[in-house]
Amino acid sequence: MATKVLRKSHAFYDTYFRNPSPDKKMLHYCPGCGHGNVHKMIAEALEDYDVADKTIFISPVGCSVFAYYYFATGNIQAAHGRAPAVSTGIKRAHPDSIIISYQGDGDLAAIGTAEIIHAANRGECITVFFVNNAIYGMTGGQMAPTTLVGQKTTTSPMGRRPSNEGYPIKVAELISQLHAPVYIERVSLHDNKQRAKARLAIRKAIKCQVDKLGFSLVEILSPCPSGWKMDPVDSMRWIEETMQENFPLGVYRDLTKEAEPYTPEILNPTAEAILNLLDIDTELDFKYERKNPPEKYKNPEMKVAGFGGQGILLLGGAMAQAGMLENYHVSWLPSYGPEMRGGTANCHVNIRDIEVGSPMVSDPSVLIAMNRPSLEKFEQDVKKGGLIIYDSSLIDIEPTRKDIEILAIPATKMADQLGNTRIANMVVFGAYMGYTGLMGKETLYESLKTAIKHKRFLDINVKAIDAGYQFGSDNQAG
Amino acid sequence: MAKYLMKGNDAIVRGALLAGCRFYFGYPITPASEIAEGAARYFPKVGGTFLQAESEVAAINMVYGASGGGIRAMTASSSPGISLKQEGISYAAGAELPCVIVNIMRGGPGLGNIAPEQSDYNQVVKGGGHGNYKVPVLAPNSAQEMCSLTMKAFDIADKYRAPVYILADGYIGQMMEPVEFPEPVTDLPRKDWAVYADKESKDNLISSIYLDPYELEKHNRKLQKKYAEIEKNEIMCEKFMLEDAEYVVMGYGIVSRVLKTAVEKLRDKKVKIGLLRPITLFPFPKKEIYDLAVKNCKFLVVEMSNGQMVEDVRLTVQGKTTVDLYNRMGGVVPTTDEVIEHIQNRFSV
């Protein structure tokens, strides 16, 4: 016949070696404190479900900050209020673990309000034990968010006044308003019957995690004789007669029968698969023949400017992409006007034989102006001997500079004739290259492959480049 | 391997994943949101986790938890968000948890603006949170370095069990440049101090509590020894045209790119000037600076802040030479021409 041997749970250390106190067998809690009860119930449940080895206990800030003295599990000590966030991190890292987030009322319901609400709302598969003793124990009896109306503490010496401090926060009720939590119950430690219920609730909450059902929270009304300045017997009576009234016991949510177990999918791709998944194509090899443009067109420092929506940044990106394909050093830097909507967008592009120093182009050797404000704004910045290309179908003025080359191209009109005004940018892309001879058309086509996201637009963009390239080379400077 | 034209912020995401990082916890903030967006897209693809946290505070504490679990984890933010994370970073430093924190700096103080500034030097390089700790800080100045230094940051973090910063600005984050990617890291060793939720690791404890003053002093001495080791082994800097230099300009991040062009142009005018670019801000390249100071080089530090790094340079030269500051604030990036003009006026060259 089996006999029940009364002994300490194996989820506790036999000797509390981390405790600096000479007595390695005793807990550090005050006489009459509820933490010891709760610890014992948790440890017994962990042993009974045979999960102690894969449990990680998150110690909070508060009296239970040293919970790691006792639990023979993995232990992490968290910052004040952050235990649910720390729990989230470790649970996501080790989905098969059992995470116990153990928190007091200051930790959970004051400084860590955001963390508990959101961990609960995400339905993190963790178990939270919320020890509510209506006071800050460790710091010496200050008011907690759960301190009762009229209750005297060191920071509410006249008693908690709703007009100044508001009302006690009811955590079980609050969390039960959320969709995701699976199991929420409030229990108490004030007599044997309640302790037996608390024990069952604690077991159920842990089982909920063992079964991978989701978030569970047990709020435990727990005595703090030192903080309350009562003896342990009066403390129990105070819970029964006063605290319970404010914090009704009971099950606030129980979906343990309905909830489906959830196990996250484990992916562990090979090195080669990782590169593909990151859109890094290891096979890319583009053969090109670098052209030899006139010296004045080499190493362009470009500013490309126009309306937002004209594909200005894309045009600059295509320039840089083409340069990179021909193994030039390139840089592309976007710079939006503060008036982006309906205003100007511009970007800076460098295509150089040697490393690009500053990516910023304040005095461009090439200005591509796709609208009038851009031409007006940047014309004077262009270097002497530089080049301005502008869309003459949209800009009704002409540049005034006489010391630079100017290519006026009716880009938008040409694009319209090809079927879509939005490819005016690619007309100009072709025109610039055709005019200067910096790069061949093959490189421009290749650059489109990354610049144009939707493959169905490739053809029309190729046509735009062809038309622009032709226009550019037909209008080269004598 | 092929090159890719990519934004610095995107290169950080790729670099982190190639380094074997699989956990990203973050909160959106301009100009760092692209990192979160890229992480949301790519982390799950390779079996990782992306989680948008409820706050910066929660995000760094999720990193704390995941890192305690022995895996590579990161977060990214911008200046005001970093202020919020400082609590968690102090805890991670105290508990000796390796992780990577990216700061794409913006203008401050307060809400400031979203333009690039370098005014977080002090809050990042000097520790920033409470307690006696430092955090290695890597300051990339190109899209390529955004990738390669992110990878390096994870190695340094694991080697020393310390949080590591990537400190960059909006320009380096937004700029597209060619990036070459190395092979991905796949087999990372188990960490004997971490909690893996298994029998072998169940006696491990992640904590920064040392209640006894003598124990806490001992822990702090250990941390300081670690920082001394980092100072010995991990300094990185770029030297450009310094061999015969009489004048030295210093700057990091986007400023160093401006300075490089300025040095090139001044060299064309026969000015003997060179650039010293710290790539690690902690550890700081003290020896390199001191060696130039005793050769009587005159220093000009250019910063997009009220002059924060310049204090470290002045401390390092120990009065052996002059150290000037040229600075812009509020998100104004100095142009090459204004820097050249300042140098010519200041040094009459």
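Given the structure is predicted, the values throughout are model-derived calculations rather than measurements. (Residues numbered from 1 in each chain as written. Chains lettered and ligands numbered in written order. Predicted model: local features only at pLDDT ≥ 70, side-chain atom pairs only at ≥ 80, totals over all residues. Heavy atoms only, no water.)

Let us look at the side chain of Ser331 of chain A. By secondary structure assignment, the location of Ser331 of chain A is in strand S9 (residues 329-336). Using a relative accessible area of 0% as the deciding quantity, one classes Ser331 of chain A as buried. The contact partners of Ser331 of chain A, leaving out residues within four places of it in the chain, are Ala320, His348, Val349, Asn350, Val356 and Pro359 of chain A together with Met176 and Glu177 of chain B. (Helix = DSSP H or I, 4+ residues; strand = E, 2+ residues; numbered from the N terminus. Buried < 20%, exposed > 50% of the residue type's maximum accessible area, 1.4 Å probe, protein only. Contact = heavy atoms within 4.5 Å.)

This part takes up the sheet that holds strand S12 (residues 273-278) of chain B. In a beta sheet, neighbouring strands are held together by backbone hydrogen bonds and run either parallel or antiparallel to one another. All names here are of chain B. Pairing is mixed across the open sheet formed by five strands, whose spatial order is S10-S12-S11-S14-S15. Each edge of the open sheet carries a strand with a single partner, namely strand S10 (237-240) and strand S15 (323-327). Going from strand to strand, the sheet's axes swing by 20° on average, the running direction of each strand aside. Pairing of strand S11 (residues 247-250) with S12, which is carried by four bridges, proceeds in the parallel orientation. Residue pairing across strands places Met250 opposite Leu276, the latter belonging to S12. Contacts between helix H11 (residues 309-317) and the sheet are confined to S11, S12, strand S14 (298-303) and S15, with S15 contributing the most and set at about 170° to the helix. Seen against the sheet, helix H12 (residues 336-347) touches S11, S12, S14 and S15 and runs at an angle of roughly 150° to S14. (Pairing = 2+ DSSP bridges. Axes fitted to C-alpha atoms, helices over the stretch in contact; angles between N-to-C directions.)

Turning to the pairing of S10 of chain B, a few remarks are in order. Along any regular strand, the residues point their side chains to alternate faces of the sheet. Residue and element names in this part refer to chain B. Residues of S10 alternate between two faces, with Glu238 and Phe240 buried on one and Cys237 and Lys239 left unburied on the opposite face. Sheet topology note: the S10/S12 ladder contains four bridges and is antiparallel. Bridged to Phe240 within S12 is Leu275.

Residues and elements named next belong to chain A. Turning to its location among the elements, Val462 is positioned in helix H16 (residues 458-474). On the accessibility criterion, Val462 (24% relative accessible area) is partly exposed. In the structure, Val462 is positioned 16 residues away from Glu446 in sequence and 9.9 Å away in space, judged by C-alpha atoms. Beyond its immediate stretch of four places on either side in the chain, Val462 contacts Tyr445 and Leu448.

Another aspect to go through is the nonpolar core. Proteins that are soluble and globular tend to have nonpolar side chains buried together. Formed by 127 residues in total, the largest nonpolar core has its most connected members in Phe43, Met74, Met250, Phe299 and Val313 of chain B. Element by element, the count of residues in this core is highest for helix H6 (residues 143-160) of chain B, at ten residues. Dropping the residues within four chain positions of it, Phe299 of chain B is found in contact with Val248, Met250, Ile289, Leu292, Ala293, Val313, Val317, Thr321, Thr322, Val323, Asp324 and Phe347 of chain B. Counting residues in hydrophobic clusters, the runner-up holds 50 residues, among them Leu315, Trp332, Ile409 and Tyr469 of chain A. (Core = buried A, V, L, I, M, F, W, Y, C linked by side-chain atoms within 4.5 Å.)

Glancing now at the domain arrangement of chain B. Residues and elements named next belong to chain B. When cut into domains, chain B gives domain 1 (3-233) and domain 2 (237-347). The straight-line distance from the C-alpha centre of domain 1 to that of domain 2 is 28 Å. When domain 1 packs against domain 2, close to 2400 Å² is buried across both sides, 53% of that on carbon and sulfur atoms. The three residues of domain 1 that bury the most area against domain 2 are Gln118, Tyr121 and Asn141, which together make up 30% of that side's buried surface. (Domains from an automatic or database assignment. Buried area = accessible area lost by both parts, 1.4 Å probe.)

Moving on: helix H13 (residues 411-418) of chain A. All names here are of chain A. Buried within H13 are the following residues: Ala411, Thr412, Met414 and Ala415. The arc enclosing the buried residues of H13, seen along the axis, measures out at 160°, which places them on a common side. Exposed and facing more than 90 degrees away from the buried side of H13 are Lys413 and Gln417. On the buried face of H13, the contacting elements are strand S12 (387-391), strand S13 (405-409), helix H14 (424-436) and H16. (Arc of directions from axis to C-beta.)

The subject of this paragraph is the confidence of the model for chain A. Scored by pLDDT, chain A has a mean of 94; 97% of the residues are at 70 or more. Taken together, the stretch residues 337-341 of chain A has pLDDT below 50 and engages in three contacts with residues farther than four places along the chain or on a different chain. (pLDDT = per-residue confidence, 0-100.)

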